[in-house]
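An overview of the molecular structure
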Amino acid sequence: MADNENDSRSEDPDARLLILLCHHSLHMDQGEFARFAGINASQLSDYEQGVRAAPRKVQEKAVVAAGLPVFLLDGMLRDIRSFRMAARGKARADRSYTAGTAAELIDLARLAAEVILGPLTPARPQAGAPAAEDRMAAAALWARLERRNAAERRVLVEELEEYWSWALSGRIAAESLGQAPNHPGKALELAELAHLVAQKVPGEELWRWRIQGYALLVEGNALRVCNDLPASDKTFSLARLLFTAGAPADPGLLNEAWLPALESSLRRAQRRFPEALKLIEEALSLDRGELRGQILLSKSRLHETLGESEASFSALYEAAPLIDPVREPRNAFGLRFNLVVALCALERFEEAEAGLPEVQALVEALGEELDRTRTVWLQAKVHAGLGRSAQARDAFEQVRRVFEHRGLAFDYALASMELALLLLKEGRAAEVATLAAEMLPIFRTQQVEREALAALQLFCEATRRKTATVELAQRVVAFLHRAQHDPELRFEP
């Protein structure tokens, strides 16, 4: 049946936005929504593009399809008009307003669908006692937020009470922790959103302190991976106060081990290694079981920083059965990758090669291009250790090109030195000199830390003078492995 009763050729922007709002609230494509709502598909396209105004009958069909009673239609139109005028006024104040194109109205509709339709849904946070079951509702709330950009997420959290959930704050914090290794900026954005949600959680003040403290711990961690250590330190200080003060109100929903576990990573970055080790042991003693694998990974990294390969391997080996690759694919990849690195450091290359297939399977599941490059790098180390020189050289050259292109100066330097070590072992000093002449300008122009640069320059100068040895190359490689975690470590000639 055609939907042309009372049709008008002049656009009605409120009706147009209503149709878009109902459409996008269901997350359907245009054809699916037309069939679901019983609206002629070609005419629906005209209504959404503003070619013609949607008649009342079509508006009612759209509202019913969105799961709302028809009597709410007039109120929704009033809310849409207010929302549209407010959005236009703000845009004009920002000198960025343009006439409502279809794309702009669709973006507006997506946000309006949450702001206007959201309060009509029954899901609201309760000020009652927090419970583990709240995490199920938080997963659904995060699924809605995840599709939005950062600005839209903040608008929704500021305006809609349904997002004021302790469990949602925790879910967003978990997303921040997952993003931290590869996307520090994204991790910080998510941590700040988790803190915003935590500030709005209803209920007892002590419980709000507890949730805010946890969100600030995660924010401090994000600041650490963004290399803002002073800000991270200040944030951790406040986080510790709130997290500890709110402990009496926690019915056991937040693991006490989070505080020392995350703070230990900051102390490691600050080169306060005894404190970091003490905090790791505190975290292991407080943990209820669910964080033990992650804490052991941190312990392994700390021992690696200190050049303690055996202790690092032992922590990784203990963590291996505790990391579930299905639930924690990022941690599982880090674990298996570092186990192979540790085996290479211990010159157990046959065992290292046996571990490569699992690393490769995990990296394909994650789908991160840089992870793939690092896995090729790992293969190069194994090839070199097993005497497969040609394969090792090809793999080292491949990863060097990627690291140089991405501006990853330290990784480029380390891969270059490992290639140089391989060439020296083969007696190919002339090729090492050519490699050094190529490396040095790149080291100088990219942001390699002072001590690492000094070690690299010393090696390059030795190649120029034809005095570079395998032993010197080994010492520089070993130094760089430690210096990547400890930039202030001194290289002793």
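Quick caveat: nothing in here was measured; it's all calculated off a predicted structure. Throughout, a residue's number is its position along its own chain's written sequence, starting from 1. Note on the predicted model: pLDDT of at least 70 is required for a residue's local features to be given, and 80 or more for side-chain atom pairs to be given and counted; whole-chain, interface and lining totals, by contrast, use all residues. Excluded from the side-chain calculations are hydrogens and water; all other atoms, namely the structure's heavy atoms, are used.

On a plain count of helices and strands, the protein comes out with 24 helices and zero strands. Residue burial is assigned from relative accessible area. The probe radius is 1.4 Å, only protein chains are included, and a residue is buried under 20% of its type maximum, exposed over 50%, and partly exposed in between. Within the protein, the fraction of its 493 residues that count as buried is 47%. By the convention used here, residues are in contact when the closest approach between their heavy atoms is within 4.5 Å. Considering only residue pairs separated by 6 or more positions, the protein has 66% of its internal contacts joining residues 24 or more positions apart. Values of accessible area rely on a 1.4 Å probe in the Shrake-Rupley scheme; residue burial ignores everything except the protein chains shown. In the form shown here, the protein has an accessible surface area of approximately 23300 Å², with 52% of it arising from carbon and sulfur atoms. Only DSSP runs of H or I reaching four residues or more are called helices, and only runs of E reaching two or more are called strands; each is numbered from the N terminus.

Looking now at the side chain of Ser-232. Here Ser-232 lies in helix α12 (residues 229-245). Overall, Ser-232 belongs to the buried group, its relative accessible area being 0%.

Next up on the list: the pattern of salt bridges. Each salt bridge in this description consists of a side-chain nitrogen of Lys or Arg and a carboxyl oxygen of Asp or Glu lying within 4 Å of one another. Within this structure, the stated rule accounts for 33 salt bridges. Where Arg-144 meets Glu-162, a salt bridge forms, and the shortest distance between an N and an O atom there is 2.9 Å. In this pair, Arg-144 is assigned in helix α7 (residues 134-146) and Glu-162 in the loop between α8 (150-159) and α9 (166-179), connecting sequence segments 18 residues apart. On the accessibility criterion, Glu-162 (5% relative accessible area) is buried. The partner of Arg-475 in a salt bridge is Glu-471, and the shortest N-O contact between them spans 3.9 Å. A residue pair is termed a helical-turn pair when its members lie 3 or 4 positions apart in one helix, as Arg-475 and Glu-471 do in helix α24 (residues 470-483) at four residues. When its relative accessible area of 47% is taken as the criterion, Glu-471 is described as partly exposed.

Another aspect to go through is helix α16 (residues 309-319). Along α16, the residues that are buried comprise Ser-312, Phe-313, Ala-315, Leu-316 and Ala-319. All buried residues of α16 lie within an arc of 160° about the axis, which places them on one face of the element. What points out from α16, more than 90 degrees from its buried face, is the exposed set Glu-310 and Tyr-317. For α16, the secondary structure elements touched by its buried residues are α15 (292-305) and α17 (329-345). Of all possible arcs, the one meant is that of the directions from the helix axis to the C-beta atoms.

For the pair helix α2 (residues 30-37) and helix α3 (residues 41-49), interaxial distance at closest approach is 9 Å and the crossing angle is 115°. Taken as axis vectors, α2 and α3 run roughly perpendicular relative to one another. Handedness of the α2/α3 crossing: right-handed. Residues Gln-30, Phe-33 and Ala-34 of α2 lie in contact with α3, whose contacting residues are Ala-41, Leu-44, Ser-45 and Glu-48. Split by residue class, the contact of α2 with α3 holds four nonpolar, two polar and one charged. Orientation is described by lines fitted to C-alpha atoms, with helices fitted over the stretch in contact, and by angles between N-to-C directions that extend from 0 to 180 degrees. The labels follow the angle: roughly parallel below 35 degrees, roughly antiparallel above 145, roughly perpendicular from 65 to 115, and oblique for the rest. In this scheme, a crossing is called left-handed if the near helix is turned counterclockwise away from the far one by less than a right angle; it is called right-handed if the turn is clockwise. In this classification, Asp, Glu, Lys and Arg are treated as charged, Ala, Val, Leu, Ile, Met, Phe, Trp, Tyr, Cys and Pro as nonpolar, and every other residue, Gly included, as polar.

One can expect most non-glycine residues to show negative phi and most peptide bonds to be in trans. In this model, Arg-271 sits at a positive phi of 65°, which is unusual for a non-glycine residue. Given the relative accessible area of 29%, Arg-271 is considered partly exposed. One non-glycine residue, Lys-466, lies in positive phi territory at about 65°. Within the fold, Lys-466 resides in the loop between α23 (450-464) and α24.

Here the focus is the confidence of the model for the protein. Summing up the model confidence of the protein, the mean pLDDT is 84 and the portion of residues at 70 or higher is 86%. Predicted confidence in the protein is weakest over helix α6 (residues 102-117), with a mean pLDDT of 53, and strongest over helix α10 (residues 184-199), with 96. Segment residues 4-9 is flagged for pLDDT under 50; beyond a separation of four residues in sequence, or across chains, it makes ten contacts in the model. Every residue gets a pLDDT, meaning the predictor's confidence in that residue, from 0 to 100. Predicted confidence for residues 119-126 stays below pLDDT 50, and this span has 16 contacts to residues more than four positions away or in other chains.

For Glu-219, the location among the structural elements is in helix α11 (residues 205-225). Positive charge is attributed to Lys and Arg, negative charge to Asp and Glu, and no charge count is given to His or to the chain ends. Buried charge Glu-219 goes without a salt bridge, the closest partner of opposite sign being Arg-154 at 8.4 Å. Among all residues touching Glu-219, those that are not within four sequence positions of it are Leu-188, Ala-191, Glu-192, His-195 and Thr-235.

Looking at where Thr-463 falls in the secondary structure, it is placed in helix α23. As a C-alpha pair, Thr-463 and Ala-437 span 26 residues in sequence and 8.8 Å in three-dimensional space. Setting aside anything within four residues of it in sequence, one finds Thr-463 in contact with Val-432, Ala-433, Ala-436 and Ala-468. By the criterion applied in these results, polar contacts are pairs of N or O atoms within 3.5 Å in which, for protein atoms, one can donate a hydrogen and the other can accept it, and in which residues neighboring in sequence qualify only through two side-chain atoms. Within polar-contact distance, the side chain of Thr-463 engages the backbone oxygen of Cys-460 at 2.5 Å.

Stacked, tilted and edge-to-face are the three classes assigned to paired rings of Phe, Tyr and Trp, where Trp is represented by its six-membered ring and a pair needs centres within 6.5 Å; plane angles under 30 degrees give stacked, over 60 edge-to-face, the rest tilted. This model, assessed by the stated rule, comprises five aromatic pairs. With centroids separated by 5.1 Å and ring planes inclined at 65°, the aromatic side chains of Trp-377 and Phe-403 adopt a geometry described as edge-to-face. Taken together, the positions of Trp-377 in helix α19 (residues 369-385) and Phe-403 in helix α20 (residues 389-406) put the pair 26 residues apart, joining distant regions of the chain. Phe-403 matches Trp-377 in its accessibility class, with the two residues each being buried. We call a charge positioned above a ring when the Lys NZ or Arg CZ atom is no farther than 6 Å from the ring centre and deviates by at most 35 degrees from the ring normal. Positioned over the ring face of Phe-243 is Arg-210, at 3.9 Å from the centre of the ring. Against the face of Phe-313 rests Arg-348, its NZ or CZ located 4.9 Å from the ring centre.

The end-to-end C-alpha separation of α17 is 24 Å, in line with the 24 Å expected for 17 residues at 1.5 Å each. Buried residues of α17: Ala-332, Phe-333, Leu-335, Phe-337, Asn-338, Leu-339, Val-340, Val-341, Ala-342, Leu-343 and Cys-344, and no others. Contact partners of the buried residues in α17: α15, α16, α18 (349-366) and α19. One or two steps after α17, the chain reaches Glu-347, where phi turns positive at roughly 60°. Expected span of a helix: the number of residues minus one, times 1.5 Å.

In a soluble, globular protein the nonpolar side chains are often hidden away together inside. Note on terminology: a nonpolar core comprises buried Ala, Val, Leu, Ile, Met, Phe, Trp, Tyr and Cys residues joined through side-chain atoms within 4.5 Å. By size, the foremost hydrophobic cluster in this structure holds 81 residues, and its most contacted members are Tyr-163, Leu-168 and Ile-172. The next biggest cluster of nonpolar side chains, apart from the first, holds 43 residues, and it includes Leu-472, Val-476, Phe-479 and Leu-489.

With respect to the secondary-structure elements, Pro-130 resides in the loop between α6 and α7. In sequence terms Pro-130 and Ala-249 are 119 residues apart; their C-alpha atoms lie 9.6 Å from each other. In this view, Pro-130 contacts Trp-166, Trp-207, Pro-251 and Leu-253; residues no more than four positions away in its chain are not counted.

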